[in-house]
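Breakdown of the fold
Each chain, written out:
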Amino acid sequence: MEIKAKGYLSPLSEEAKTSLWVYLKEWMCTTDAKRIGVLYLLFATFMALWGGLLSVIIRLELAQHGPDIITDASFYNALPGMHATAMIFFFIIPAFTGVANFVVPIQIGAPDMAFPKLNLAAFWILPPGALLTFAGFFMNSLPEFGWTAYPPLSNSVYTPIWGADFWVVGLILVGVSSTLGAVNFLATVFNMRCKGMKMFQLPLFTWAMTVTSFLILAATPVLTSALIMLTFERMFPGVFYFFNPAGGGDPILYQHLFWFYSHPAVYIMILPGFGMVSEVIQVFSRKHIFGYVLMVWSMIAIAVLGFLVWAHHMFATGIALNVRVGFMFLTMLIAVPTGIKIFSWLATIWGGSIKFDTPMLYATGFLAMFTIGGLSGVVVASVPVDIQLHDTYYVVAHIHYVLVAGSLMTAFAGVYFWFPKITGRFYNETLGKIHFWLTAIFINVTFFIQHWLGMKGMPRRYYDYDPAFEMANLISSVGSVVLFLAQFIFIANMLYSWRKGKVAEGNAWGDGFTLEWQITSPPDHHNFHHPPYWKPIIRQHVAADQPGGVWHRNGD
Amino acid sequence: MATQDASLAADPMIGEESLGVTNGKIGMWTFLVMDAMTFAGLLAGYARLRWTPGSEWPLPIEAFGFTGIQLTALNTFILICSSVSMVHVLAEQMRGNMDRAKKWMLATIIGGLLFLGIQGFEWTHLILDMWPYLFDEGYEAAYSVNFAATFFILTGFHGLHVSVGVIYNVIIYLGLKSGKISKDDTSVVEIAGLYWHFVDLVWILVFTFVYLI
C-alpha cells in the first residue's frame, strides 16, 4: 500500500513509500525524538486502557457488597496493585515523556535530543518491562502486595511466586528507562539551546521537564536500590535479610527507601502537567504567563521540598512523634509554592482574551479540581487526621484527585494542545468538548464521594465492605464506568482526525509564540531549516488604559 | 504575542553546546549523579541495618579471615593507581604522544583486572571458608547475617561497575590502537575518565564503610 504523509510522519526511504512493513520498521528503529515521542504516546494510551480496565473491574466488584463478578478474593487482592503500577509507571510517566520528546527539542530550537540512540533505547526498555511487570497475569501468579510491595508481605515467605519476582524486575527496568530519559533531557536542555536562549528564557514546559528530570535522577535510583535488595532477599532466602526482621532486617527501612522515590514520584507525575497547563493558559488567554520567574522558582521549590516529605506516608508506622511533626510541617509547606502557581495561572487568565477550546477547558478544569486534591492533601498531611484516615478511601480520593483530575487532565490539555503540531491536523472540537465534560463530571462522580466513604471508615483495597457503604460505592462505580467509556470518544477523535481532520497551519492556534509554533505542522525532520535565533520575550505589565487589558505584545 | 525570528543566523554552533562542553560530558555527569544515588540508597540501607539496636555487627577486622583488610587495602591502592594512569592517558593524548597514551590505557585496564581478580579471590575465600551458612543450612551465622549481606551487595554492585569500566576502557584502548580516537578527540577519553574516577571514588566510600569503620 502507498503511504502518503508529510513532515516527520512521511516515509524516509523510497521503499517505505510503498511497503507498510518498511514504514513501520522505520518507526520502530527511529532516532527522531518526534517519532519516539509518538511511540511513547501510543504505548501510554495502550497502557492507560489496560490500567483503566483493571480499575473498572475493581469498581464493578465493589458496586455491591458481597462477592459479585470476581469469585476469587486473591485475584481481587492483586488488582489494585496492578492498576496502580500500570497507571503510574506505564501510563502517566511515559505519556509526559512522550509529549516532552516531541516538544522540548523544538521549544529550545534544537534539531533533536542530545542522545538520539539512547532515547530509542530508553523507549524500548519499556515494553519488555511492562511484559515482565504483568507477567503474573499469564502465569496465574499475581503478586498481592499492592504497588508498594512492603516487606515482609513481599518477601519469599509470604509471596513465594514467580509473578512477584518478575514484577520487581519489571519495575527496575522502568527505573532504568526513565533515568536514561532524564539524562537525555538534561543534556538536551543544558547544551542544545539555540542562540540567544538563556535558562530563564526557556518555555515553562521545558523548565518543568528539566526539574522533573532532576527529580528522576535523584529519586529513581533509590527505589532501584531498594528493589535490588528486595530481589536478593526473595532469591536467596536465609542468606539476605535486609527487610525481614526475622534475620535482623528492618521493614521500615524499605518504606523509607521506597517513599524517598515514590513521594518525589508524585511530582514527577504532576510537574510536566504544570508545564503543559502553563503553555496552554498563555496561548488561550493570549497573554504571557504572570510571574514567569516565580513560576520557575516555585517549581524548583516544589521539587526540593518533594525530597523532604517522604515520611508523611509513614505516620502510622510508629516513627517518633517529633519526626512526624517535622514532616507534617514540611509537607504543609509545599502548599505555598503550589498556591503561587495556582494564583499565577489565575492571574494569567485574569483580563485575558480567553478562548475556550478543549485544551483550555482541560487546563481550567485542572485548576479547579487539582485544588480539591491539594486541599485534601493538606488534610491528610496533618498527623492526627492522617492517623484516622490512613488506609481509608479518603486517601484513595485524594490520590485520584491529584492524579486523575491533575495529571490525566493536564495530559489531555497537552495532547489536545499539541495534536495539530504532531499530526498537522485539528481534532474535532465538538467531540473534544463532549469528552471534556464527560470526563470532568464523572471524575467527580467517581471520586468525590470516596472522601465521604473514607471519613466514614471504609478501608481501601478490601474485597468486601459493610452494606452501609453500598449506595456510595454504587455511585462511585457507575461514575468509573462512564469515565472509562468516555475515553473512547477521545481515542476515536484522535484516530479519525489523524487522517481526516482539518489541516492545521504552523501556528495552529494563531497565538503560539514559543518556537514549536514557528515551524510547519507537522514539523520536518530535524525541525528547523535554519538554526533559529531566540528573541527574548519582554514580560511586562501593560498600562491599565490599554483596551482589553491585553499584555504588551513583543514585535506587533 | 511575541513573534520569534525563526530564521537566519547561520552560526554553525547553534543548536549544540550552549554550555561550551560536549553533550557526552553532561550526559556522563548526570548519569554519575544517578549512579551516586543508587550507591547512596545501598549505603543508607547498610547504615540502618548496622546501627539498628540489637544487631550483632562483628568488627570487620576480625571477620574476614586470612584475607583480612590488608589485602583489600592493597586492592584499593591498585585501583587508585589505575585512576592515576587514567589521568596520564589524557595527559599524553593532549600532548600528542599517542603511543604513551596507549600504554597508560593498558596499565589502567590491567589495574582494573587486578582489582577484579583480587576481589574474586576474596569472595571465594569468604563464601567457602568464612560464611558456611550461605550454602549449608546446618550452619548458623556467627553474627548478624546482614554483615555478609550488605558486604555482598555493596562490593558486588561496585565490582559490577569496575567490570563495566574495564570493558569501557578496552573499547577506548581499541579506539586508540586503531586510530579511531585521534589526539583531538580528548573528550572521549575524558568522559571515560570521569566514569573510572567515579568508580574509584565510590570504592573509597565502600571500603571505608564496609572494612574500616
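The name an unreviewed UniProt entry assigns to chain B is Cytochrome oxidase subunit III, from the organism Lujinxingia litoralis. The record held by UniProt for chain B lists under Sequence similarities (unreviewed entry) the comment "Belongs to the cytochrome c oxidase subunit 3 family."

With an unreviewed UniProt entry as reference, chain A is termed Cytochrome c oxidase subunit 1, source organism Lujinxingia litoralis. Quoted verbatim from the Sequence similarities (unreviewed entry) field of UniProt, the annotation for chain A is "Belongs to the heme-copper respiratory oxidase family." Quoted verbatim from the Pathway (unreviewed entry) field of the UniProt record, the comment on chain A reads "Energy metabolism; oxidative phosphorylation."

**Section: empty space enclosed by the protein**
The gaps of empty space that remain are located by a probe, the size of a water molecule, rolled over the atoms. Residues and elements named next belong to chain A. Applying the stated rule across the entire model yields 3 cavities of 30 Å³ or more. In this structure, the largest cavity occupies an estimated 170 Å³ of space. Contributing to the lining of the largest cavity are 20 residues, with I93, P94, T97, S178 and I216 lying nearest its centre. Every element with two or more residues in the lining of the second largest cavity is listed here: α4 (73-107), α7 (162-191), α8 (204-235) and α9 (251-268). If one sorts the elements of the lining of the second largest cavity by residue count, α7 sits on top with 4 residues. A per-class count over the lining of the second largest cavity returns 8 nonpolar, 3 polar and no charged.

**Describing the environment of G37 of chain A**
Residue and element names in this part refer to chain A. Examined against the element boundaries, G37 turns out to sit in helix α3 (residues 33-62). We classify G37 as buried; its relative accessible area is 0%. Setting aside chain neighbours within four positions, we find G37 in contact with G98 and N101.

**Regarding the pattern of salt bridges**
Residue and element names in this part refer to chain A. Applying the stated criterion across every chain yields a total of 14 salt bridges over all chains. The partner of R234 in a salt bridge is D165, with the nearest N and O atoms 2.7 Å apart. Placement of the pair is R234 in helix α8 and D165 in helix α7, with a sequence separation of 69 residues. Take R234 and D165: they sit in the same class, and that class is buried. Ionic pairing is found between R460 and D391, a salt bridge with its closest N-O pair at 3.7 Å.

**Quick notes on the packing of α8 of chain A against α9 of chain A**
Residues and elements named next belong to chain A. Running from N to C, α8 and α9 point in directions that differ by 150°, and their axes come no closer than 8 Å. As far as their axial angle goes, α9 and α8 are roughly antiparallel. Two packed elements cross with a definite hand, and for α8 against α9 that hand is left-handed. Residues T212, L215, I216, A218, A219, T220, V222, L223, A226, L227, M229 and L230 of α8 pack against Y254, L257, F258, F260, Y261, P264, Y267 and I268 of α9. For the contact of α8 with α9, the per-class residue count stands at 18 nonpolar, 2 polar and no charged.

**Let's talk about the nonpolar core**
Nonpolar side chains tend to gather and get buried jointly when the protein is soluble and globular. Residues W345 of chain A together with W131 of chain B are the most contacted members of the largest nonpolar core, which totals 249 residues. At 21 residues, the largest contribution of residues to this core is made by α4 of chain A. The contact partners of W131 of chain B, leaving out residues within four places of it in the chain, are A63, F64, L126, Y143, F147, A148, F151 and F152 of chain B.

**A look at a nonpolar patch on the surface**
Residues and elements named next belong to chain A. The grouping of L20, L24, M28 and W124 at the surface amounts to a nonpolar patch, some 320 Å² of accessible area in total. Among the elements that make up the nonpolar patch, the one with the highest residue count is helix α2 (residues 20-28) (3 residues). When you line up the elements, L24 lands in helix α2.

**Considerations on the environment of A208 of chain A**
If you trace the backbone, A208 of chain A turns up in helix α8. Apart from residues lying up to four places away in sequence, A208 of chain A is in contact with L271, P272, G275 and M299 of chain A.

**What to know about the interface of chain B and chain A**
Contacts between the two partners involve 44 residues from chain B and, on the opposite side, 54 residues from chain A. Together chain B and chain A conceal approximately 4,000 Å² of surface at their shared face, both sides included; 67% is due to carbon and sulfur atoms. Taken together, the links from chain B to chain A amount to 1 salt bridge. The salt bridge partner of R48 of chain B is D250 of chain A, with a shortest N-O separation of 2.5 Å.

**Considering the UniProt feature "transmembrane region" (unreviewed entry) in chain B**
All names here are of chain B. UniProt records the feature "transmembrane region" (unreviewed entry) for residues 26-49, 69-91, 103-121, 141-174 and 194-212 in the present numbering. The span residues 26-49 carries 100% helix and 0% strand; its end-to-end C-alpha distance comes to 35 Å. Between the C-alpha atoms that bound residues 194-212 the distance is 26 Å, and the span itself is 100% helix and 0% strand.

**So, the side chain of S10 of chain A**
All names here are of chain A. Tracing the sequence through the fold places S10 in the segment before α1 (14-18). With relative accessibility at 15%, the residue S10 sits in the buried group. A distance of 2.6 Å separates a polar side-chain atom of S10 from the backbone oxygen of G7. Beyond its immediate chain neighbours, meaning those up to four positions away, S10 contacts A5, Y23, R35 and H525.

**A look at the packing of aromatic side chains**
Each pair of aromatic rings is reported with the distance of its centres and the angle of its planes. All names here are of chain B. With the rule as written, the count across this model stands at 80 aromatic pairs over all chains. Between the aromatic rings of W131 and F151, the centroid separation amounts to 5.6 Å while the plane-to-plane angle is 70°, which identifies the pairing as edge-to-face. Of this pair, W131 sits in the loop between α4 (98-130) and α5 (145-178) while F151 sits in helix α5, and the two are 20 residues apart along the sequence. Assessed through its relative accessible area of 0%, F151 is described here as buried. Ring geometry for W203 versus F207: centroids 6.3 Å apart, planes at 25°, classification stacked. Taken together, the positions of W203 and F207, both in helix α6 (residues 186-212) and 4 residues apart, correspond to about one turn of that helix.

**Re the packing of α3 of chain A against helix α5 (residues 116-133) of chain A**
Residue and element names in this part refer to chain A. Closest axis-to-axis distance for the α3/α5 pair is 10 Å, and the angle between their directions is 15°. On the basis of the axis angle, α3 is roughly parallel to α5. Here α3 runs over α5; the crossing is left-handed. Mapping the contact onto sequence places A33, I36, L39, Y40, F43 and M47 in α3 and P116, N119, L120, A122, F123, L126, P127 and A130 in α5. Here the residues of the contact of α3 with α5 sort into 13 nonpolar, 1 polar and no charged.

**Points about the confidence of the model for chain B**
On average, residues of chain B carry a pLDDT of 87, and 92% of them reach 70 or more. Ignoring residues within four places in sequence, the model shows residues 1-15 of chain B, a span with pLDDT below 50, making 46 contacts including any to other chains.

**Looking at the layout of surface pockets**
Residues and elements named next belong to chain B. Computed from the structure, the second largest pocket encloses a volume of approximately 580 Å³. If one sorts the elements of the lining of the second largest pocket by residue count, helix α1 (residues 23-50) sits on top with 7 residues. When grouped by side-chain class, the residues that make up the lining of the second largest pocket number 15 nonpolar, 8 polar and 1 charged.

Criteria and cut-off values
Residues numbered from 1 in each chain as written. Chains lettered and ligands numbered in written order. Predicted model: local features only at pLDDT ≥ 70, side-chain atom pairs only at ≥ 80, totals over all residues. Heavy atoms only, no water. UniProt positions renumbered as here; feature names shortened; annotations may be inferred. 1 Å grid on protein atoms, 1.4 Å probe; cavity = no way out; pocket = protein on both sides within 12 Å on 5 of 7 lines; lining within 4 Å. Points joined across faces, edges and corners; volume = space filled by probe spheres on them. Helix = DSSP H or I, 4+ residues; strand = E, 2+ residues; numbered from the N terminus. Nonpolar A, V, L, I, M, F, W, Y, C, P; charged D, E, K, R; others polar. Buried < 20%, exposed > 50% of the residue type's maximum accessible area, 1.4 Å probe, protein only. Contact = heavy atoms within 4.5 Å. Salt bridge = Lys/Arg side-chain N within 4 Å of Asp/Glu carboxyl O. Axes fitted to C-alpha atoms, helices over the stretch in contact; angles between N-to-C directions. Parallel < 35°, antiparallel > 145°, perpendicular 65-115°, else oblique. Left-handed = near helix turned anticlockwise from the far one by under 90°. Core = buried A, V, L, I, M, F, W, Y, C linked by side-chain atoms within 4.5 Å. Patch = residues over 30% accessible without salt bridge, like charges linked within 9 Å, V, L, I, M, F, W, Y side chains within 5 Å. Areas by Shrake-Rupley, 256 points an atom, 1.4 Å probe, with all protein chains shown as cover. Buried area = accessible area lost by both parts, 1.4 Å probe. Polar contact = N/O pair within 3.5 Å; in protein donor to acceptor, adjacent residues only side chain to side chain. Phe/Tyr/Trp six-rings, centres within 6.5 Å; stacked < 30°, edge-to-face > 60°. pLDDT = per-residue confidence, 0-100.

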